[in-house]
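Observations on the model geometry
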Amino acid sequence: MTEEQQTPEQESDDVLSAYLKKSAGSAGSHAAGHRSGYVAVVGKPNVGKSTLINAIVGRKVAITSNKPQTTRRRILGILTRDDAQILFVDTPGIHEPKQALNRFMMREVEQALDDCDAVLFVTDVSRPPDEEDHRVAERVRGMKQPVIQALNKADTLDPRHVVENVAAHEALMGMTKDELVNADEAIAEGSPFEIRNSVMLTSAARGDNIDKLLAMLIANLPEGPAYYEAGQVTDQTDRILAAEFVREQALRYLEQEVPHGIAVAIDEWQPRKNGMIYIGATLYVERDSQKGILIGKGGDMLKKIGSGARKEIENELGSKVFLELWAKVREGWRKDDALVERFLSGQG
Ligand SMILES: Nc1nc2c(ncn2[C@@H]2O[C@H](COP(=O)(O)OP(=O)(O)OP(=O)(O)O)[C@@H](O)[C@H]2O)c(=O)[nH]1
Ligand SMILES: [Mg+2]
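Predicted, not measured: the structure shown is a model, and the values here were computed from it. (Residues numbered from 1 in each chain as written. Chains lettered and ligands numbered in written order. Predicted model: local features only at pLDDT ≥ 70, side-chain atom pairs only at ≥ 80, totals over all residues. Heavy atoms only, no water.)

1. Notes on the overall build of the chain
Summing up its helical and strand segments, the chain has 12 helices and nine strands in all. Here the chain, with 348 residues, has 47% of them falling under the buried criterion. Restricting the contact set of the chain to residue pairs at least 6 apart, pairs at least 24 apart contribute 71%. Summed over its atoms, the accessible surface of the chain is roughly 17,500 Å², and 50% of this surface lies on carbon and sulfur atoms. (Helix = DSSP H or I, 4+ residues; strand = E, 2+ residues; numbered from the N terminus. Buried < 20%, exposed > 50% of the residue type's maximum accessible area, 1.4 Å probe, protein only. Contact = heavy atoms within 4.5 Å. Areas by Shrake-Rupley, 256 points an atom, 1.4 Å probe, with all protein chains shown as cover.)

Have a look at this one:
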């Protein structure tokens, strides 16, 4: 055996000692006052949770659409700053689960709430709160973790409804005006923990008040190290992101039930010699009639979805992509627990 060669045991010893060194260097050792932790982002569907996380992280880590129930799984959006690392957990909008898919989605929300250090409860302040907002409020009200409320879509709030809508949304958490802390004053006075009970008007679309919202959230996180490298913005693989970008375009172009019954799986991912990446993906629908709609006249619809998704994927990967899409039927997959598990983990 030459000097370079090692037994498998020696190799695994090296791996172990490298790991121990690395974890000794990161866990526990952080600059005084550095904070980190998980923030579960919850709310009813379509209020702008994913848009808000994308705006904060500065990258598209979660797909968005004007249709409810866009997000299906927990997705991490990671913000790294000198003073803190916030791990935003995007979650599906809370709704009554009727099928296996919806039950899966609501379990994702519960897991995010179980494991978080703080909650960001998002509502759409441009409309009065409804039954669904009240249900979410009831779920988070009793939690021991701090709950910060974002009254989002403030850019579309009609000036004539500002007073009544803001008051109605503030009342969701059951606090009186006196119990609610004025976030602006608390930030100005440098009393960050006071802002545990607070609301903030935000616009994810315009980026309004994001800095204040972050100050409120960071103040409510425990001291701790950064868990992810500075450049990492999400926990999703490129394959999962690519599948999500395809689904986003399906949500954009298709109407009614059709886009909600679509699952996307990446079947092939091959870097080619010319630097281009070949990606083959299948869109599963629930019925034959939906397959026809998805493909469109002369394949027009599938082409439109493919062309939109290709641009997003190229943007993300920074290389040219050849994207080929297929349509297949998996009868009633949303009602089937095993298929839901498989499709939502990105497998076909
Ligand atoms: N005008 C305006 N539109 C917004 C704002 N935030 C989000 N939107 C829009 O609202 C729609 C829903 O946004 P999403 O981020 O997908 O909402 P979500 O809460 O993640 O929805 P689910 O994943 O279905 O629960 C999209 O069309 C967004 O462009 C905002 O601050 N202002
Ligand atoms: Mg979402």
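2. Looking at the packing of aromatic side chains
Taken as a whole, this structure holds three aromatic pairs when the rule is applied. Look at Tyr284 and Phe343: their rings are 4.6 Å apart centre to centre, the planes differ by 25°, and that puts the pair in the stacked class. Of this pair, Tyr284 sits in strand S8 (residues 277-285) while Phe343 sits in helix H12 (residues 337-344), and the two are 59 residues apart along the sequence. A single burial state applies to Tyr284 and to Phe343, both of which are buried. Ring geometry for Trp333 and Phe343: centres 5.2 Å apart, planes at 80°, overall edge-to-face. In this pair, Trp333 is assigned in the loop between strand S9 (321-329) and H12 and Phe343 in helix H12, connecting sequence segments 10 residues apart. Like Phe343, Trp333 is buried. A connected cluster of aromatic rings, assembled from ring pairs, spans Tyr284, Trp333 and Phe343. (Phe/Tyr/Trp six-rings, centres within 6.5 Å; stacked < 30°, edge-to-face > 60°.)

3. Digging into the sheet that holds S8
Within the open sheet, the three strands sit side by side as S7-S8-S9. Their pairing is mixed. Every other strand in the sheet has two partners, leaving strand S7 (263-271) and S9 as the edge strands with one partner each. On average, each strand axis in the sheet is inclined to that of its neighbour by 20°, with strand direction left out of account. Of the strand pairs in this sheet, S7 and S8 are connected by eight bridges, and their pairing is antiparallel. Residue Gln270 lies in a different strand from S8, and its bridge partner there is Tyr278. Helix-sheet contacts for helix H8 (residues 238-253) involve S7, S8 and S9, and the interaxial angle to S7 is about 130°. Of the strands in this sheet, S8 and S9 touch helix H10 (residues 288-295), which is tilted by about 155° from S9. (Pairing = 2+ DSSP bridges. Axes fitted to C-alpha atoms, helices over the stretch in contact; angles between N-to-C directions.)

4. What about the site of ligand 1?
Taken together, 22 residues form the shell around ligand 1, and within it Lys49, Thr51, Gln69, Thr70 and Asp155 come nearest. Within the contact set of ligand 1, an oxygen atom lies 3.0 Å away from a side-chain nitrogen or oxygen of Ser50. With respect to ligand 1, the side chain of Lys153 contributes an N or O atom lying 3.0 Å from an oxygen atom. Relative to its unbound accessible area of 660 Å², ligand 1 is 86% covered by the protein chains. Ranked by the residues each element gives to the shell around ligand 1, the list is headed by helix H2 (residues 49-57), at three residues. Its residues assigned to classes, the shell around ligand 1 shows five nonpolar, 14 polar and three charged. (Near = heavy atom within 4 Å. Polar contact = N/O pair within 3.5 Å; in protein donor to acceptor, adjacent residues only side chain to side chain. Nonpolar A, V, L, I, M, F, W, Y, C, P; charged D, E, K, R; others polar.)

5. Some details on the coordination of the magnesium ion (ligand 2)
Here the magnesium ion (ligand 2) is held by the protein donor atoms Ser50 (OG) and Thr71 (OG1), which lie 2.0 to 2.1 Å from it. Taken together, the positions of Ser50 in helix H2 and Thr71 in the loop between H2 and strand S2 (75-80) put the pair 21 residues apart, joining distant regions of the chain. Accessibility classification places Ser50 together with Thr71 in one group, the buried group. (Donors = N, O, S within 2.8 Å, 3.2 Å for Na, K, Ca; no water.)

6. Topic: helix H4 (residues 131-141)
Buried within H4 we find Asp133, Val136, Ala137 and Val140. Considered in projection along H4, the buried side chains sweep an arc of 100° and stay on one side of the axis. What points out from H4, more than 90 degrees from its buried face, is the exposed set Glu131 and Glu138. Each element contacted by the buried residues of H4 is listed here: strand S1 (35-42), helix H3 (100-114), strand S4 (118-124) and strand S5 (147-152). You can read the cap of H4 off the contacts: a side-chain oxygen lies 3.1 Å from the backbone nitrogen of Glu132, and it is on Asp130. (Arc of directions from axis to C-beta.)

7. Quick notes on unusual backbone geometry
In this structure, Asn46 takes a positive phi of about 75° despite not being glycine. With respect to the element layout, Asn46 can be found in the loop between S1 and H2. On the basis of relative accessible area, Asn46 is assigned to the partly exposed category, the value being 32%.

8. Notes on the sheet that holds S2
If you trace the six strands from one edge of the open sheet to the other, you get S2-S3-S1-S4-S5-S6, paired in mixed fashion. One side of each edge strand has no neighbouring strand; the edge strands of this open sheet are S2 and strand S6 (198-201). Strand-to-strand twist in this sheet, taken as the mean axis angle between neighbours without regard to direction, amounts to 25°. In this sheet, S4 lies alongside S1 in parallel orientation, the contact comprising four bridges. Looking at S4, one finds that Val42 is bridged to Phe121. Most of the contacts of H3 go to S1, to which it runs at about 150°, and overall it touches S1, strand S3 (84-90) and S4.

9. What about the confidence of the model for the chain?
Should the pLDDT be low somewhere, the predicted coordinates at that spot are not to be read in detail. Across the chain, the average pLDDT comes to 90, with 90% of residues at 70 or higher. Overall, residues 19-27 carries pLDDT values under 50, and its contacts beyond four positions in sequence, including any with other chains, amount to three contacts. (pLDDT = per-residue confidence, 0-100.)

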